[in-house]
Amino acid sequence: MYVGALVVDLLLGDVHSLKHKRAVVRPLLAQLKRLEVSAAETGHQDLHRRAELSVAVVAGDVAHVQRVLDAAERVVADDPEVQLLSAHTMIHSDDD
């Protein structure tokens, strides 16, 4: 079994309130969840122009985990309303 996680740090575009931030982040999270992963906002909740999102996936094949996390990173990077500042991927096996 392999567990993979992706943590992305985002700069949001023309966002001036936390309410507007949620309007940008919520559809992005929904798009990520279509990849059959768990996804949530995990940081910078009190800042209206920054967001940290985390994605997690579990699979029996490390290659599948890597493909899914790569696809999730592409979804975030291709969103025109956000700028991807950094992305960090971690993969752990049950042997770790």
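Note: the structure precedes this text.
Conventions we followed
Residues numbered from 1 in each chain as written. Predicted model: local features only at pLDDT ≥ 70, side-chain atom pairs only at ≥ 80, totals over all residues. Heavy atoms only, no water. Pairing = 2+ DSSP bridges. Helix = DSSP H or I, 4+ residues; strand = E, 2+ residues; numbered from the N terminus. Salt bridge = Lys/Arg side-chain N within 4 Å of Asp/Glu carboxyl O. Expected span 1.5 Å × (residues − 1). Buried < 20%, exposed > 50% of the residue type's maximum accessible area, 1.4 Å probe, protein only. Arc of directions from axis to C-beta. Contact = heavy atoms within 4.5 Å. Lys, Arg positive; Asp, Glu negative; His and termini not counted. Polar contact = N/O pair within 3.5 Å; in protein donor to acceptor, adjacent residues only side chain to side chain. Core = buried A, V, L, I, M, F, W, Y, C linked by side-chain atoms within 4.5 Å.

Quick question: what am I supposed to make of the pairing of strand β1 (residues 2-12) here?
For a regular strand, side-chain orientation follows a simple rule: the groups alternate between the two sheet faces. Where β1 meets strand β3 (residues 50-59), 10 bridges bridge the pair, whose relative direction is antiparallel. Across the sheet, leucine 11 pairs through a bridge with arginine 50, a residue of β3. Bridging between β1 and strand β4 (residues 82-93) involves 11 bridges; their strand directions are antiparallel. Note that in β4 the partner of glycine 4 across the bridge is isoleucine 91.

Is there a simple way to explain the pattern of salt bridges in this structure?
Think of it this way: side chains of opposite charge can pair up when their charged atoms draw near. Applying the stated rule across the entire model yields three salt bridges. Bridged by salt links that share partners, the residues Lys21, Arg22 and Glu41 form one connected network.

Just checking my understanding: could you explain helix α2 (residues 62-77) for this structure?
Note: α-helices contain 3.6 residues per turn, so residues at a spacing of three or four share the same orientation. Spanning 16 residues, α2 covers 22 Å between terminal C-alpha atoms, matching the ideal 22 Å at 1.5 Å per step. For α2, every residue scored as buried is listed here: Val65, Val68, Leu69, Ala71, Ala72, Val75 and Val76. End-on view of α2: buried residues confined to an arc of 155°, all on one side of the axis. Facing away from the buried side of α2, by more than 90 degrees, are the exposed residues Arg67 and Arg74. Buried residues along α2 sit against β1, α1 (18-33), β3 and β4.

Whenever I open this one, the side chain of aspartate 79 confuses me. Can you help?
Assignment of secondary structure puts aspartate 79 in the loop between α2 and β4. Buried within the structure, aspartate 79 lacks any salt-bridge partner; its nearest side chain of opposite charge belongs to arginine 34, at an N-O separation of 9.5 Å. At 2.8 Å, the side chain of aspartate 79 forms a polar contact with the backbone nitrogen of glutamate 81.

Sorry, what's going on with the nonpolar core here?
The tendency in soluble globular proteins is for nonpolar side chains to be buried side by side. Core analysis: the largest hydrophobic core is formed by 24 residues, its most contacted members being Leu10, Leu12, Leu32, Leu53 and Val55. For this core, the elements supplying multiple residues, two or more each, are β1, α1, β3 and α2. No other element matches the six residues that α2 contributes to this core. In contact with leucine 32, not counting residues within four places along its chain, are Val37, Ala39, Leu53, Val55, Ala72, Val75 and Val76.

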